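Structure at a glance
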Amino acid sequence: MLPMGNMRGVTLPSRGAPVSPVLPARALRDVVFVDGVRTPFGKAGGKGIHAGTRADDLVVKCIRELLRRNPSLPPERIDEVAVAATTQTGDQGLTIGRSAALLAGLPRSVPGFAIDRMCAGAMTAVTTTAGGIAFGAYDVVIAGGVEHMGSHPMGQGAEPNPRFAAEKLVDPDALNMGSTAETLHDRWPGMTKERADAYAAASQAKLAAAYEAGSIQQDLVPVAGRKPGEGWALHRADEPPRPGTTVADLDGLRTPFRPHGRVTAGNAAGLTDGATAAVLASAGTAAELGLPARMRLVSYAFAGVDPEVMGIGPIPATAKALKLAGLDIADIGLFEINEAFAVQVLSFLDHFGLADDDPRVNRYGGAIAVGHPLAASGVRLMTQLARQFEEDPSVRYGLTTMCVGLGMGGTVVWENPHHPEYPRPTPSATEKEQA
């Protein structure tokens, strides 16, 4: 705004008068998922494989691996680095997107930022930067997330406003994710512990089969770390999985969130350390640089639900994302659903009329087996979906979805470029001008 003394001769539009746009409207660009990687996930705590490794260094390893795997991507062409973390203190603080970019050796001209949407942090890093790509603000970005739950336990340093309880805005149990899962068990018909345990055992079996087939290892970044009492080692595999787990093994586990409850360590995701990162680009830029387009982003949506049953968040988020895409649940050939708790996945399946053992759901297993390092998990889902698209060109559409603390859900719908009916994108007018 001009100072009042300099306003002479300036004509202002009358209130309510339309203002002519300075620039013509630009067409939105297609956004593609180029590549995604992650560290092996480790058990949180002093005995875990990442106990002696900083969170920001885990992110750096992912960024460097993406550059190594995609040599045709000039580092100076990266327009943004968005990294999510739920607890943004210590080695997860200091605007970790920017600090990780510097530590990874990216040009100092590459900016970065931090983001938080609890469990959907990395998912939000992807959708936020994808919007920038579609609009033309970015051509190429790196987006991901990290959570070192051994160093930063969930909720560490948080101070919930006393009004939540004093004004009965939410039930106090809504601030405890395990308690929300028990409440969902209460409210959802037919949601027994036996059913949750059966789903959990199946998740372990599917992850073991994916490892046996070599489907997981292709996107893991080996991490050297010093485990207390064991010296240095190169970690190439996830630590939490328990292959061979049976329903009988899970039956006697204690229920820490409620006496005689239904949620146990066996049918919930464990506390985990790990990081993820992905390269996203406009379709035209990917073609220009010779980068693979492994998935095309079709639509995304976030939705809020009662915090007391936060696990149902993926249901309205998915309904919204499908509506935006002009699709129906029957059009989705692959589902990657974050398994924060078995009950959360099962409620989603029930709502959309899918069987507990539907072969389209979590083909590689899920977080119950591999772990859930909160803000990092969204990109794990995407990386696994991209790998499954390559393995199964008959599938045209897939989705990644997850519940989020404090009562939210997020869903992203993707299209498989390997499908025979995939429309080959053409560069927009803006991209042609830039080329």
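None of the values given here were measured: they were computed from a predicted structure.

It is worth spelling out unusual backbone geometry at this point. In terms of backbone geometry, most residues other than glycine have negative phi values and most peptide bonds are trans. The phi dihedral of Lys 168 falls on the positive side, at around 50 degrees, and the residue is not glycine. Structurally, Lys 168 is set in the loop between α4 (163–166) and α5 (177–187). Residue classification places Lys 168 among the exposed positions, given a relative accessible area of 74%. Even without a glycine there, the phi angle at Leu 406 is positive, about 70 degrees. Looking at where Leu 406 falls in the secondary structure, it is placed in the loop between β11 (397–404) and β12 (408–415).

We now examine the packing of helix α3 (residues 121–135) against helix α12 (residues 377–391). At a minimum axis separation of 5 Å, α3 and α12 run at an interaxial angle of 70 degrees. Between α3 and α12, the interaxial angle falls into the category roughly perpendicular. Residues Ala 122, Met 123 and Val 126 of α3 pack against Gly 378, Val 379 and Met 382 of α12. When the residues that make up the contact of α3 with α12 are grouped by side-chain class, the tally is five nonpolar, one polar and no charged.

What follows covers empty space enclosed by the protein. Under the definition given, this model contains one cavity of 30 Å³ or more. What the largest cavity holds in volume is close to 60 Å³. Lining of the largest cavity is provided by Arg 38, Ser 215, Ile 216, Asp 219, Tyr 364, Arg 380, Thr 383 and Gln 384. In terms of residues, the lining of the largest cavity owes the most to one element, α12, which gives three residues.

Further remarks concern the environment of Gly 365. With respect to the helices, strands and loops of the structure, Gly 365 is situated in the loop between α10 (342–351) and α11 (367–370). A relative accessible area of 1% means that Gly 365 is categorised as buried. Between the C-alpha atom of Gly 365 and that of Ala 201, which follows or precedes it by 164 residues, the distance is 9.7 Å.

How each quantity is defined
- Residue positions within a chain follow its written sequence, with the count starting from 1.
- Whole-chain, interface and lining totals are the exception, using all residues; otherwise, since this is a predicted model, local features are given only for residues with pLDDT of at least 70 and side-chain atom pairs are given and counted only at 80 or more.
- With hydrogens and water set aside, each side-chain value is computed from the structure's full complement of heavy atoms.
- Strands are runs of DSSP state E lasting at least 2 residues, helices are runs of H or I lasting at least 4, and numbering of each runs from the N terminus.
- Accessible area is worked out with a 1.4 Å probe on protein chains only. A residue is then buried under 20% of its type maximum, exposed over 50%, and partly exposed in between.
- Axis geometry follows a simple rule: fit a line to the C-alpha atoms, using only the stretch in contact for helices, then measure angles between N-to-C directions, giving values from 0 to 180 degrees.
- Orientation labels follow simple angle bins: below 35 degrees gives roughly parallel, above 145 gives roughly antiparallel, 65 to 115 gives roughly perpendicular, and whatever is left gives oblique.
- Residue contacts are counted whenever heavy atoms from the two residues lie within 4.5 Å of one another.
- By the convention adopted, Pro, Cys, Tyr, Trp, Phe, Met, Ile, Leu, Val and Ala count as nonpolar, Lys, Arg, Asp and Glu as charged, and the other residues, Gly among them, as polar.
- In the cavity and pocket records, a cavity denotes points on a 1 Å grid over the protein atoms alone where a 1.4 Å probe fits but cannot get out, a pocket denotes an open set with protein on both sides within 12 Å along at least 5 of 7 lines, and lining residues are residues with an atom within 4 Å of a point.
- Grid points are joined across faces, edges and corners, and a volume is the space filled by probe spheres set on the points.

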